[in-house]
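Descriptive analysis of the structure
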Amino acid sequence: MNENLSPNAEPINRLVQELNKLPGIGPKSAQRLAYYLLRAPEENAGLLADAIMSVKREITLCSICFNVTDSNPCRICRSDERDRTKVCIVEQPQDILALEHTRIYKGLYHVLHGAISPTEGVGTEDIRIKELLERLEGSPVDEVILATNTNLEGEQTALYLHRLISPMGIKVTRLARGLPFGTELEYADDVTLTRALEGRQEL
Ligand SMILES: [Zn+2]
């Protein structure tokens, strides 16, 4: 084969490889993005590189709710305007964005950073359950809303948490069934999420 027809130069290959590691970016998209960046003004490429590095440097996890934040505790945990008797349990920080977008929930959150999944080797001690129980102990919380995803892992996690939390004398609710099975909260639309929140039912 003619050497000149061989694929990309090494630095482009490296960029393609790195982009290809991102979720939802296949080899074709990675290649397209790499060539886009190659053509983009150096300043834009610099801004992108800088934005990536500053999330890594400046973002940490809130020590109370484990949301991503640039100040600890996070804005929601610090706010005087939130209802401290309610805690909504989500799998990922992005789920908070989706729920906040509906503007109907005014309580606090707790991010598990995953869901129990025996098939993927994620056990109860691998997500932030211990921290949740410690947080609820002696707190003014009277309702825990389980907003884990509606897939198998999310349901398993919700049932497990229900078993642990209801003996504490706290009402445990689950988002209503308006969310189709398999829904990742992050991708649910506002109307569906609002309905699911408003129609939440005690487990
Ligand atoms: Zn927080």
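Preceding this section is the structure that the text describes.
Residues numbered from 1 in each chain as written. Predicted model: local features only at pLDDT ≥ 70, side-chain atom pairs only at ≥ 80, totals over all residues. Heavy atoms only, no water.

Some points on the sheet that holds strand S3 (residues 83-90)
Within the open sheet, the 5 strands sit side by side as S4-S3-S5-S6-S7. Their pairing is mixed. The open sheet has two free edges, formed respectively by strand S4 (107-111) and strand S7 (201-202), since each of these has just one partner strand. Bridge analysis of S3 against S4 gives 5 bridges, and the strand direction is parallel. Along S4, the bridge assignment pairs Asp83 with Gly107. In the packing of helix H7 (residues 152-165) onto the sheet, contacts are made with S3, strand S5 (143-146) and strand S6 (171-174), and the angle to S6 comes to roughly 170 degrees. (Pairing = 2+ DSSP bridges. Helix = DSSP H or I, 4+ residues; strand = E, 2+ residues; numbered from the N terminus. Contact = heavy atoms within 4.5 Å. Axes fitted to C-alpha atoms, helices over the stretch in contact; angles between N-to-C directions.)

Some remarks on unusual backbone geometry
Residues Asn72 and Pro73 are joined by a peptide bond in cis, for which omega reads -5 degrees. Within the secondary structure, Pro73 is located in the loop between strand S2 (68-69) and helix H4 (75-78). Although it is not a glycine, Phe66 sits at a positive phi angle of roughly 65 degrees. With respect to the element layout, Phe66 can be found in the loop between strand S1 (60-61) and S2. Residue class for Phe66 comes out buried when judged on its relative accessible area of 9%. (Buried < 20%, exposed > 50% of the residue type's maximum accessible area, 1.4 Å probe, protein only.)

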